[in-house]
Every structure is written in C-alpha cells, then in structure tokens.
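# A structural walkthrough
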Amino acid sequence: MVVGTFDASDLKVRVRTRLLGTDGSATELERLSPPERRLRVRSEVIAVLHEERAILPASSVTDVVNQVSDEVVGLGPIERLLKDPEVSEVMVNGADDVYVERKGRIERMEGLFVEGEEQVFHLIERIVAPLGLRVDESMPFVDARLADGSRVNAIIPPLSLCGPVITIRKFALRPFTPDELVQIGTLTAPMMEFLGACVRAKANIIVSGGTGSGKTSLLGVLSSFIPPVERLVTIEDAAELRLIQPHVVSLEARPANVEGAGEVTVRALVRNALRMRPDRILVGEVRGGEALDMLQAMNTGHEGSLSTAHAESCEPCTFTIRLKDSQSHRAKGRGRA
C-alpha cells in the first residue's frame, strides 16, 4: 500500500479487533490503569498505521484512541457523556437514539450513534455482569449502579418495543450545600432556615415530588443539619446519598442473583436497621411495604427520620380522623417538598 491517508473508521475496527482478539474479551486491558490502558491503545494505533504505511492527522489519531479506549473498557459512545459535568441523565432509547438531560433540559444528541442494538446489549452486559446480574428474556429489566455511584436502569424487548433501553442517572461527586440551593432558587433563605430547625428538632420529614425533581438532593442537604454526634443509618435501593456526617452506616438493597435467589429488599433493611442502634434512619425512597416499617420506626423512638416519596403535587388534602368514641373530626394538612 502506498503512503497515504487511512480511513479512521477502518482504523478503529482494526485496533479494536487486535485488542479484543477473536473472543471479544477485554480482560487484560481491564487490569491496566486508565493511563496504561490509553498508552496500550495508542501503541496499537501507531502499529496499524505503520503496517499500512498510512498517515492520519494527530487530531484523528487522538479521536481514535479515545473512541477505542471507551469501547473496549468503557461504555462506548456514551462514555464521554458520563464524563460531562453538565449532563445529569443519559438516555439510550435503542440504537441511534440518544438523549441527555443537561441543566434540567432534555436534548437529543445529534451525530452520536450506537452501532446497532447489539452494541446496546453489549453495554448493558458490561454494566450488569460485574455485579452478578443478568438481562435476558427471563429477567428483561434490571437496576444497577456504576462504580461512580450513577444509577442505571436497563430494559430490553419484549417489554421494550423500541429495542434495548438504558437510562443512567448521574450524581454529583460533591453534594449540594444549603447555601447553594438558596442561590439557585430551589428554596428561599427563610424556608431553608425553617427546614434546618425542623431537622435539628428531630421532626420526621418526607420529601415528595416527581421524578427528577431533586428529592434526593434536597434530602442530602437536609441531612447536613443533623448533629455530627448522631449515628445515621441510610437505606437505599441504589446508593445515592452523599452525607458529610462522620458516623454513617450505608445499606443498599440487593436484587436477586442469576438463580433468582439472594434478594434483600428495602423493607428487610429497614427492619434490620432498627437493631443497629440508629439515632436516625434515612430511607432513600419509600414506595412499598417499607413505608409501614418507616412509619413504625418514626413512632417507636427514632424521631427525626428522613425519607422521600414520589408524588405529583403537595396540594392541601382533607382527611378524616376517627376517634374511639366514633366521633369524626375533619382536619386539613398541607405538605411541602
């Protein structure tokens, strides 16, 4: 072959094949540190160019190194989205249909393509396999967590009619502070002062709101008002809370393994937490039978517990309290998220 340009996409395929071999395994690369891994990929790129007596602009070589590194040991084309600090959610709706939430607004990623449904399935497998989970026809959806704490949900056909779908909720490495929530307009200063006083006075608080409304972020901020001398036990379906207190015990629910055994529910963890001498219990989200256990804990010596719950609004509601003498009294309650 004469010296000339070399198609970057062909180069990427050649390098990826050399690195993964015939079985498509990246085990050897996964044992390397990120800098060593990138050097290994770069050396393979240079080797292929040398063999083909081809040249590429330096910028193209760098792009190929980044893309191949992401594909063989990362999450492929969405890896750069996960590294973007402005992106809070990544949504892969089948092949070639990727959306992100950036600064609270959902936008479609034009020009970002996943190479067919097979690569989406490969991404799902790469996420869940190290956790001992699987996604197949017998278990077509799964919740998982990346190493950085990001929450992942994956669902595949036949439940998904648009192909395999991945939804990744990212979380900031540094939790919000009360002042930051006031500055961005989430709450006013008097509201934050009032809520802080409620936490210090050991009021039981449930933060309610819709999906993506910031319930967990607000719960984390409220927890910052808890005195550092108290023992906190956090219970979550997928660990998200980042607390600043020194005495924190974090518990995380566990789904069933590939044999369908070993599941540990949030409700079971709430019951177990009562035996761990907590000063306060923080449940990331109540949405099932654990709500009863949480209410019982709040009324049996564990005041000041915090949790979140999904709700469309916090409009005033009217409810009836029936007393022992069968008299009924009507009362109005108002909730705030």
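See the structure printed just above.
Residues numbered from 1 in each chain as written. Predicted model: local features only at pLDDT ≥ 70, side-chain atom pairs only at ≥ 80, totals over all residues. Heavy atoms only, no water.

### Topic: the overall build of the chain
Applicable threshold: Put simply, DSSP marks the helices as runs of H or I at least four residues long and the strands as runs of E at least two long, and each gets a number from the N terminus on. The classification of residues rests on relative accessible area computed with a 1.4 Å probe and restricted to protein chains. Under 20% of the type maximum is buried, over 50% is exposed, and intermediate values are partly exposed. By definition, residues are in contact when any of their heavy atoms lie within 4.5 Å. Accessible areas in this description were obtained via Shrake-Rupley with a 1.4 Å probe; residue shielding takes into account the shown protein chains only.
Summing up its helical and strand segments, the chain has eleven helices and 15 strands in all. A burial count over the chain gives 40% of its 337 residues as buried. Within the chain, contacts between residues separated by at least 24 positions form 52% of all contacts whose residues are at least 6 apart in sequence. Element-wise, carbon and sulfur atoms account for 54% of the exposed surface of the chain, whose accessible area totals about 19000 Å².

### Focus on the side chain of Ser150
By the secondary structure assignment, Ser150 is in the loop between strand 6 (141–145) and strand 7 (151–155). Residue classification places Ser150 among the buried residues on the basis of a relative accessible area of 1%. Those residues in contact with Ser150 that lie beyond four places of it in its chain are Ala144, Arg145, Ile168, Arg169, Lys170 and Phe171.

### Considering the nonpolar core
Let me state the cut-off plainly: Only buried Ala, Val, Leu, Ile, Met, Phe, Trp, Tyr and Cys residues count toward a nonpolar core, and they belong to the same one when joined by side-chain atoms within 4.5 Å.
Judged by nonpolar contacts, the single largest core of 27 residues is most densely connected at Val90 and Ile168. If you list the elements that add at least two residues to this core, you get helix 5 (79–83), strand 3 (87–93), strand 4 (98–102), helix 6 (116–128), strand 6, strand 7 and strand 8 (165–169). When residues in this core are grouped by element, the largest group, five residues, is from helix 6. When sequence neighbours within four positions are dropped, the list of residues in contact with Ile168 reads Leu75, Ile78, Leu82, Ser88, Glu89, Val90, Leu146, Ser150, Arg151 and Val152. Counting 19 residues, the second-largest nonpolar core is a separate cluster that includes Val207, Leu218, Ile226 and Leu241.

### Focus: the environment of Ser88
Looking at the element boundaries, Ser88 is found in strand 3. Leave out the neighbours within four places in its chain, and Ser88 touches Glu101, Ile168, Arg169 and Lys170.

### What about the sheet that holds strand 12 (residues 280–283)?
In any sheet, the strands associate via hydrogen bonds between backbone groups, in a parallel or an antiparallel arrangement. How we decide: Whether two strands pair depends on DSSP finding at least two bridges between them. For helices, the fitted axis covers only the stretch in contact; all axes are lines through C-alpha atoms, and the angles between them, taken along N-to-C directions, range from 0 to 180 degrees.
Reading across from one edge, 9-13-12-10-11 is the order of the five strands in this open sheet, with parallel pairing throughout. Each edge of the open sheet is held by one strand with a lone partner, namely strand 9 (205–209) and strand 11 (248–252). Ignoring strand direction, the axes of neighbouring strands in this sheet form an average angle of 20°. Lying on the sheet, helix 11 (residues 290–298) is in contact with strand 9, strand 12 and strand 13 (306–310); it crosses strand 12 at an angle near 160°.

### Focus on the pattern of salt bridges
Applied cut-off: Any carboxyl oxygen of Asp or Glu within 4 Å of a side-chain nitrogen of Lys or Arg constitutes a salt bridge here.
A full pass over the atoms with the stated rule returns ten salt bridges. The partner of Arg108 in a salt bridge is Asp97, and the shortest N-O contact between them spans 3.1 Å. With Arg108 in strand 5 (residues 105–108) and Asp97 in the loop between strand 3 and strand 4, the pair connects residues that are eleven residues apart, well separated along the chain. Overall, the relative accessible area of 35% leaves Arg108 in the partly exposed class. In this structure, Asp136 and Arg134 form a salt bridge, with 3.4 Å as the shortest nitrogen-oxygen distance.

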